[in-house]
Amino acid sequence: MTSLRKPELVCPAGSLRALELAIDAGADAVYMGLKDATNARNFAGLNFDATQARDGVRYAHARGRKVLMALNTYAQADQVQRWFDAVDMAASIGADALILADPAVMAYARRTHPDLRLHLSVQASATNYEAIEFYRERYGIQRAVLPRVLTMSQVAHLIRHTSVEIEVFGFGSLCVMVEGRCALSSYCTGQSPNNAGVCSPPSAVRWEDRQGGAVDARLGGILIDRYEAHESRGYPTLCKGRFEVDGVVDYAIEEPTSLNTLALLPDLMQAGVSAIKIEGRQRSTAYVQQVTRVWRQAIDQCAAASERYSVQPDWTAALGRLAEGQQHTLGALSRPWQ
């Protein structure tokens, strides 16, 4: 019987209630952001003010869990103090680590709070061990979150060549670009996750009713998708829109699917992944609770006896109800043709 080291289960907290439910459902750590452009999920109605953040840290620590503060956008030249103030606030309330992308913010955090753990955000787009080692040597990062474009063999190779902990996305919305490098949202709206804290900012989204119950989804005035009355409607992002190409209307870049790596969990653990991240700070509290519960069971089962591990039907059914586009994919991690 083979036992593998358990990776940390890192779950989203877009609100204090979501944080509490994630902790109670078995998350080892939660990640959250503030109510401003310092984090890459800057949606109205989400995130934490200083009081809520402090309450969230207190709730997690009382139960032996961790809180990671996502300050993972790039500081604007005329507002850099906002990011520095956010670093100071996170340190003051006892956040266990900061998730950062901007080197200037990393440098400030390391200089002013040398004992605070720094994690490299997926928004920094580090896709090889040389880049990760640079951030370790220069800024002292202790963990890096990988973009969702690497294969399983690439992840394993990277882990073998760096002493930095590696965190990968296990479930949630699948970003088909290399995070931090995508310019599609900026093309449509003039705003991107890196400078505004959100892909496809809500201020640029328009829903237009049509005859027969159909709905047009527009982003920055550009028609992204047309949903018939019977179709479920996803949040409009340019990469997952349907467009006419050579007379055929279809998903030109990527069909909406949810990344679900439950089937690859033994491989991820064997490779030495230190943490598995669940995407979804913008999702409902029910989503956070259900996904956390399933992944807690899966990680515990795989760690206890990896050779007997199998994806349970009830896990698949539960996560299937939460999938974007009602489909699952292993994403770039599984490329049989390579």
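As a reminder, the structure under discussion sits directly above these lines.
What counts and how
The numbering scheme is per chain: residues are counted from 1 as the chain's sequence reads. Only residues with pLDDT of at least 70 are given local features in this predicted model, and only at 80 or more are side-chain atom pairs given and counted; all residues enter the totals for whole chains, interfaces and linings. The basis for the side-chain values is all heavy atoms of the structure; hydrogens and waters are excluded. Secondary structure elements follow DSSP: runs of H or I no shorter than four residues count as helices, runs of E no shorter than two count as strands, and numbering proceeds from the N terminus. For the radius of gyration, the atom set is restricted to C-alpha positions; the globular benchmark scales as 2.2 Å times the number of residues to the power 0.38. Whether a residue is buried, partly exposed or exposed follows from its accessible area with a 1.4 Å probe, protein chains only, as a fraction of its type maximum: under 20%, in between, or over 50%, in that order. Any two residues whose heavy atoms approach within 4.5 Å are treated as being in contact. Only the protein chains shown count as cover for residues, and all accessible areas are computed by the Shrake-Rupley method using a 1.4 Å probe. Charge convention: Lys and Arg are scored as positive, Asp and Glu as negative, and His as well as the terminal groups of each chain are ignored. For the purpose of locating charges, the reference atoms are NZ of Lys, CZ of Arg, CG of Asp and CD of Glu. By this definition, two strands are paired if DSSP reports at least two bridges between them. Axes here refer to lines fitted to C-alpha atoms; in helices the fit is confined to the stretch in contact. Angles between the N-to-C directions go from 0 to 180 degrees. Residues adjacent in sequence count toward polar contacts only when both atoms are side-chain atoms; beyond that, a polar contact is any pair of N or O atoms within 3.5 Å, and within protein one must be able to donate a hydrogen and the other to accept it. To form a nonpolar core, buried Ala, Val, Leu, Ile, Met, Phe, Trp, Tyr and Cys residues must be joined to one another through side-chain atoms within 4.5 Å. Only protein atoms enter the 1 Å grid used here. Points where a 1.4 Å probe fits but cannot escape make up a cavity, open sets with protein on both sides within 12 Å along at least five of seven lines make up a pocket, and a residue lines them when an atom lies within 4 Å of a point. Grid points are joined across faces, edges and corners, and a volume is the space filled by probe spheres set on the points.

**Section: the overall build of the protein chain**
Scanning the protein chain from terminus to terminus reveals eleven helices and 15 strands. Over its C-alpha trace the protein chain gives a radius of gyration of 20 Å, about what one expects of a compact globule, namely 20 Å for 338 residues. With respect to the principal axes defined by its C-alpha atoms, the protein chain has extents near 60 × 55 × 40 Å. Counting over 338 residues, the protein chain shows a buried share of 52%. Taking the intrachain contacts of the protein chain between residues at least 6 apart in sequence as the baseline, contacts between residues at least 24 apart amount to 63%. For the protein chain, the accessible area works out to roughly 14700 Å², and carbon and sulfur atoms hold 48% of it. Charge centroids of the protein chain, computed over 35 positive and 36 negative side chains, lie 4 Å from each other.

**Quick notes on the sheet that holds strand S9 (residues 215–219)**
The strand order across the open sheet formed by three strands is S8-S9-S10, and the pairing between neighbours is antiparallel. Two strands close off the open sheet at either side, each with one partner strand: strand S8 (205–209) and strand S10 (222–227). Strand-to-strand twist of the sheet, defined as the mean angle between neighbouring strand axes without regard to direction, takes the value 25°. Across five bridges, the pairing between S9 and S10 is antiparallel. Directly across from arginine 218, in S10, lies its bridge partner leucine 223.

**Notes on the side chain of arginine 242**
Relative to the assigned elements, arginine 242 resides in strand S11 (residues 242–245). Residue class for arginine 242 comes out buried when judged on its relative accessible area of 18%. In this structure the side chain of arginine 242 is engaged in a polar contact, spanning 3.2 Å, whose partner is the backbone oxygen of arginine 226. Not counting residues up to four positions away in its chain, the partners in contact with arginine 242 are Ile224, Asp225, Arg226, Tyr227, Glu231, Val249, Asp250 and Tyr251.

**Some words on the nonpolar core**
If you look at the biggest cluster of nonpolar residues, it comprises 81 residues, and the most contacted ones within it are Met69, Leu98 and Trp295. Ranked by the residues each element gives to this core, the list is headed by helix H10 (residues 285–304), at nine residues. Sequence-distant contacts of tryptophan 295, defined by excluding residues within four places in its chain, comprise Leu9, Gly170, Phe171, Asn260, Thr261, Leu262, Leu265, Ile276, Ile278 and Leu319. The next biggest cluster of nonpolar side chains, apart from the first, holds eight residues, and it includes Val10, Ala29, Ala97 and Ile99.

**Notes on empty space enclosed by the protein**
In this approach the atoms are scanned with a rolling probe the size of a water molecule, which exposes any empty space left behind. Applying the stated criterion to the full structure yields one cavity of 30 Å³ or more. By volume, the largest cavity amounts to about 90 Å³. Around the largest cavity, the lining comprises 14 residues; the ones closest to its centre are Pro147, Arg148, Leu150, Phe169 and Leu333.

**With respect to the environment of glycine 172**
Here glycine 172 shows up in strand S7 (residues 165–173). Between the C-alpha atoms of glycine 172 and serine 258, which are 86 residues apart in sequence, the distance is 5.2 Å. When sequence neighbours within four positions are dropped, the list of residues in contact with glycine 172 reads Ser258, Leu259, Glu279 and Tyr287.

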